[in-house]
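# Observations on the model geometry
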Amino acid sequence: MLQQAEILESVLERYPSKPEYLIFMLQDIQADCGYIAPESMEIICEHANVPITQGYSVATFYQSFRLEPQGEHEIKVCLGTACHLKGGERLVENLERKLDIHRGETTEDMMFTLNTVNCLGACAMAPVAVVDDEYISSTTPAKLDKSLKAAQQQ
Amino acid sequence: MKNIVLTINGKKVSAPPGTSILTAAEKNGIAIPTLCSHEELAPYGACRICLVEEENSGRLMASCVTPVAPEMTIHTDSPRVKDHRKNIVRLMIAEHPESCIVCNKGNRCELRRVAAELGVAETRLYPMPNHKPFETHNPFIVRDLAKCILCGKCIRADHERVAVGAIDYSDRGFSSRPVTLHEMPLEKSRCTFCGTCVSMCPTGALSTHNTFFTGTPETEETTICGFCGAGCSLSLGVSDNRVVEVNPSPDRDTVNGATLCVRGHFAHDFLLSPERLLHPLVRETDEEGNTRLAPTGFDAALSTVAGRLADIKRRNGEESIGFIGSAKCTNEENYLFQKIARVIFGTNNITSTGAAGGHALIREVAEKTKGTCRVRRLSSLENADAIVAVLSDTDHAVPVAGYHIKRAVKKGAPLVVIDPYRSDLAAFGGVWLHPEKGGKSGAFGIDAINALTARLIAEGGVDRAFMDRYANDEHGWLPAISAKDPDALAKQAGIAPERVKQAASMLKNRKIAFVPPCDLLERQNGKALLDALFNLALITGALGDKNAGIFIPALENNAVGALDMGCAPDMLPGWRKISDASEKESVAAMWEAAIPEKEGKDIHAMIEAAEAGTLKALYIMGENPLRSLPDPERVRGALKKLDFIVVQDILQNRTTELAHVVLPGAAFAEKQGSFTNMEGRIQSFIPVVSPPGDALPDWAILAMLARKAGYPEHYTAIEKIRQEIRRVVPSYTALGSHRQEWVKQNGSEIPDSFPLAPLHTPGTGSEPDEKFPFIAYIGSRRWHLGAGTRTARSARITASGRTGEIEIAPADAMDLGIANDSENGGKPIIRLLSPFGAIERAAAVNQGLPKGHIFVPQGFYGNDAMQIADFNALKPPGSGWRNVRVRIEKM
């Protein structure tokens, strides 16, 4: 919370106290902190003059909002139709075992967050995975392994 | 604007522009099925069951959200519409658990009804039940979100009607559900358990936690809630002569509409308490000199009462008998009760414990308005132009009034909250005036109102014309306050002057609705605060306006009616002063009986007289003074000195333990009668269930007593009492003719002139000192009504585990070293000492309290909070027993 307090203050200064600015404020906090802490949510909702559950509702509606701290690196595995047929699901299961987390979760050392996406629009490269901003085509567990190691060493 | 003409099912209908097709059809007797629409909620279009077909365009549209348009040709049940409806219901059912046979909603399930009407049985779809945890942990609401159809009624009821915001949708699509913040259980959320969502839920997703009954009640009957002064209409579900379920009544034009509060919805299980009084009891003494209360019949018990009271009257005079009536009993009962006291026993010693529960405020405002401005509808409050809430306790004491304030704010009415505590209302938006740097001054409220008043005068924001016409400034208040510097007054109150300016600019030239707390005159400096408030109401012209004025929340269901019926030592029915000989004579003529000359004793004087030995007997109806009055030990000592105590009540309680005769009465749902609510609405009701055991309606017991005591008039039916009330009390001429009547006002709406009160310099009262450095306020929490004699007998309220911690400001908790304990989940036990007594309870930090303030919730632990209060503070004019200086000892 302490990390978010200062950023929060500047966010609140930027927007008038109206419900229509709720999403803007959530986005700004998300962009600066990587996630929206419960206390920040409370303060933002109070500033926007909406019930705090409404902020929660908005934040869970959009995939882009996170309510928990995210790992340093994000792994996205595509589970769109093409990737699904080419074994995307197996990639995810593999990562779940390897990192000892479920999809949507973050490793204990806050290094990786594993997410699945529905389509990245790169079906020709199926199965696709993205580590941070690096796209991996025809992904295999071995290729993923290499990317994760590279990310870790950055 | 001109009405729009369209055709629905071949019938030409017309409706004002903006009407939905659904409403237009319903108004013309054409029913369209729907699962998500409710007349009190904004149209939403979630369930799509109300689809209709428009012939010209061939479109299918949801009739609840489509406004009527000229020349529309609508079919509400064409084959195409029916086909679509069926498919929608099939999809809902495919997702729904097949558990109808064991579902709490039983025959009230709207999904099942709609499915049956459409002929949907087996869906022939792949079942995809959306399993969610079955939540039964709290004693009020069972949540089985697997049965949710996402109609959003619960969410909309929460946001639009009760304005709490405890739940909202989560996620998207199939996994979306109405959830609390971070999907916590309800008891860990902001939910107040008003149950409004439960009554609206069309499926078994939300149902009442009921450990003693499963299924659909046999009958449902309407009555009026017996708890607070809002006077909500209830629909009681009855099976086997037991009230098994409570919902808001579906009648129109009720106070509460579709809402209720936790007490109204869930606490009525006290009616089934094993501690209900079932038989008349008379104290017997055995050979060894031990006494006990032995069951007997009404005839024997009432003979004892009539005989003993007559005997005491003969030996010690009329003044030696006292009568305590009840703001919980009906108008008819209070009328008969005071008449028995005055005519049969010849004493004006008739009062109620309302002296400690809100009567003073009702009386004072009636005095100031000269008996006018009696009707103050909560629906007007909802449409107010601006609201000033002072030390408001409506959220807890009279929750339904609180909903109306919040709805007004949601509609855009500016809200100014004057309160040192950060209540829910203070956090609701608007401007909150409070001592920003803390402070324990009991004069804060007065200073704040004066600052606001001076600022409004300085900016010309008051209604000069109204003031010149109606205000009588005999004490020179206006020049005195005009001479004050608003900023200096603001600083004196500890408020930043800009804050007061902001509030004044919001209120400027508006007709303001003022909402004081129901216990205002039981607080320190309450009278002076009311004077300041009243002056402000007067100069802003609020008193002459329909949606403005002073809205007095009443703590008890019939606080207003009991006073109207003359349940007061100085007043006859219809607010006729005993000191006024002509008024007294007019009543005496109607009664054809003499009325005692002298004004009677109020509650304080009665207890003192009992201590002194001049009062010998008390007849207590529907009150539990040993629980509801300050300093219960002193009250007990006084009552023990009496020769004879009669208690007529519904529950065994501490006062019945001292009684010589106990008469079992009937609770509100078990009798006929009428209550008058805080709005001036007289609501008549009939029994829904019969009283338990031999218990009888209180009016019937009183009628039998009158007969035993030799009174010639026989009140064999309630109608006989009503006839007399209609004759004697001018404002009740319509009593009983309809389910709802309004208190009638003779003559003009407002008097020719109101006196402006002088500018007060606040008295010191119970200011904290070195020995007792904190200032405590004994107030309400929504789980209990007043002293909690009834709510504490509610199995659900008890099971909710609310322990009524003593609430302490964060800074004080830190100083005392108890903040950390409470963060760890453990609740430190503290001892709270006042000059009058001490209590021990767990403590909790309340972030909304300023340093130096302590909140002690009433009603918990046998209402032990009264032990720290000062009985003498009840002595008129009352010095505010609810505020007391205290110190804390850590245990």
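Next up on the list: the pairing of strand β18 (residues 386–390) of chain B. All names here are of chain B. For β18, a buried count of five out of five residues is recorded, marking the element as mostly surrounded by other parts of the structure. Residue alternation in β18 divides its side chains into two sets, A386, V388 and V390 and I387 and A389, and both sets are buried. As judged from the four bridges shared by β18 and strand β22 (residues 512–515), these two strands associate in the parallel manner. Note that in β22 the partner of A389 across the bridge is V515.

What follows concerns the sheet that holds strand β2 (residues 112–117) of chain A. All names here are of chain A. Taken in spatial order, the four strands make up an open sheet running β2-β1-β3-β4, and their pairing is mixed. Pairing within the sheet leaves two strands with one partner each, and these edge strands are β2 and β4 (134–136). Strand after strand, the sheet turns through a mean of 20° between neighbouring axes, direction not considered. Note that strand β1 (residues 73–78) and strand β3 (residues 129–131) share three bridges and pair antiparallel. Along β3, the bridge assignment pairs I75 with V131.

Contacts between chain A and chain B engage twelve residues on the former and 18 residues on the latter. Roughly 1300 Å² of surface becomes buried between chain A and chain B when both sides are summed, with 55% attributable to carbon and sulfur atoms. Among the residues of chain A in contact with chain B, T53, Y56 and F61 of chain A are the three that bury the most area, contributing 42% of the side total. For the interface between chain A and chain B, the tally reads one salt bridge. Across the salt bridge formed by E46 of chain A and R422 of chain B, the nearest N and O atoms sit 3.1 Å from each other.

Residue and element names in this part refer to chain B. Domain annotation of chain B identifies domain 1 (4–77), domain 2 (291–358 + 557–742), domain 3 (376–550) and domain 4 (774–890). A C-alpha centroid distance of 27 Å is found between domain 3 and domain 4. Around 1600 Å² of area is buried between domain 3 and domain 4 when both sides are counted, 52% of it from carbon and sulfur atoms. For the domain 3 face of the interface with domain 4, the top three residues by lost area are H396, Y421 and E522, together amounting to 42%.

In this section: helix α4 (residues 52–61) of chain A. An α-helical segment advances 3.6 residues per turn. Residues three or four places apart therefore align on the same side. With respect to burial, α4 of chain A is a largely interior element, eight of its ten residues being buried. Buried within α4 of chain A are the following residues: I52, T53, G55, Y56, S57, V58, A59 and T60 of chain A. Buried residues in α4 of chain A make contact with α2 (22–33) and α3 (38–48) of chain A together with α4 (153–161), β8 (167–169) and β9 (178–180) of chain B.

The predicted structure's coordinates, where accompanied by low pLDDT, should not be read in detail. Across chain B, the average pLDDT comes to 91, with 98% of residues at 70 or higher. Among the prediction metrics, the complex's ipTM stands at 0.85, with pTM recorded as 0.92.

Residue and element names in this part refer to chain B. Ordered by their spatial adjacency, three strands build an open sheet running β11-β12-β13, and the pairing between neighbours is antiparallel. Among the strands making up the open sheet, the edge pair consists of β11 (219–224) and β13 (242–248). In this sheet, adjacent strand axes meet at a mean angle of 35° when their direction is disregarded.

Now for the environment of C232 of chain B. Positionally, C232 of chain B belongs in the loop between β11 and β12 (233–239). What C232 of chain B contacts, discounting residues up to four positions off in sequence, is T223, I224, C225, N256, L260 and V400 of chain B.

What follows is about the side chain of S63 of chain B. Residue and element names in this part refer to chain B. Among the secondary structure elements, S63 is positioned in the loop between β4 (60–62) and β5 (73–75). There is a polar contact of 2.9 Å between the side chain of S63 and the backbone oxygen of C50. When sequence neighbours within four positions are dropped, the list of residues in contact with S63 reads S20, I21, L22, I32, C50 and V52.

All names here are of chain B. Within the secondary structure, M606 is located in helix α21 (residues 603–612). Of the residues examined, M606 reaches a relative accessible area of 1% and is grouped as buried. Distance in space between the C-alpha atoms of M606 and F227 is 26 Å, their sequence separation being 379 residues.

All right, on to the confidence of the model for chain A then. Summary statistics for chain A give a mean pLDDT of 90 and a share of 98% for residues scoring 70 or more. α4 of chain A holds the highest mean pLDDT among the elements of chain A, 94, whereas helix α1 (residues 2–14) of chain A holds the lowest, 83.

Moving on, we get to the domain arrangement of chain A. Looking at the assigned domains, one finds that chain A contains domain 1 (4–61) and domain 2 (73–152). For domain 1 of chain A versus domain 2 of chain A, the distance between C-alpha centres works out to 30 Å.

Now for the pattern of salt bridges. Residues and elements named next belong to chain B. Going through the model one piece at a time under the given rule, you end up with 61 salt bridges over all chains. R882 serves as the salt-bridge partner of E522, at 3.1 Å between the closest nitrogen and oxygen. In this pair, E522 is assigned in the loop between β22 and α18 (526–539) and R882 in the loop between β37 (853–857) and β38 (883–890), connecting sequence segments 360 residues apart. Here D815 makes a salt bridge to K851, at a shortest N to O gap of 3.0 Å. With D815 in helix α28 (residues 810–816) and K851 in the loop between β36 (838–845) and β37, the pair connects residues that are 36 residues apart, well separated along the chain. Looking at D815, the relative accessible area reads 59%, which means it is exposed.

Another aspect to go through is the packing of aromatic side chains. Summed over all chains, the structure comprises 21 aromatic pairs over all chains. Between F61 of chain A and Y62 of chain A, the aromatic rings sit 5.0 Å apart at their centres with planes inclined by 80°, giving edge-to-face as the arrangement. Exposure remark for F61 of chain A: the relative accessible area of 37% places this residue in the partly exposed category. Among the residues examined, Y62 of chain A registers a relative accessible area of 37% and is labelled partly exposed. Ring pairs connect the aromatic residues F140, F193, F266 and W783 of chain B, which therefore count as one cluster. Across from the ring centre of W742 of chain B, 4.1 Å away, lies the NZ or CZ of R377 of chain B, which sits over that ring. The residue whose ring lies beneath R469 of chain B is Y470 of chain B, and the NZ or CZ to ring-centre distance is 4.2 Å.

The rules behind each value
- Residues numbered from 1 in each chain as written.
- Chains lettered and ligands numbered in written order.
- Predicted model: local features only at pLDDT ≥ 70, side-chain atom pairs only at ≥ 80, totals over all residues.
- Heavy atoms only, no water.
- Buried < 20%, exposed > 50% of the residue type's maximum accessible area, 1.4 Å probe, protein only.
- Helix = DSSP H or I, 4+ residues; strand = E, 2+ residues; numbered from the N terminus.
- Pairing = 2+ DSSP bridges.
- Axes fitted to C-alpha atoms, helices over the stretch in contact; angles between N-to-C directions.
- Contact = heavy atoms within 4.5 Å.
- Buried area = accessible area lost by both parts, 1.4 Å probe.
- Salt bridge = Lys/Arg side-chain N within 4 Å of Asp/Glu carboxyl O.
- Domains from an automatic or database assignment.
- pLDDT = per-residue confidence, 0-100.
- Polar contact = N/O pair within 3.5 Å; in protein donor to acceptor, adjacent residues only side chain to side chain.
- Phe/Tyr/Trp six-rings, centres within 6.5 Å; stacked < 30°, edge-to-face > 60°.
- Lys NZ or Arg CZ within 6 Å of the ring centre and 35° of its normal.

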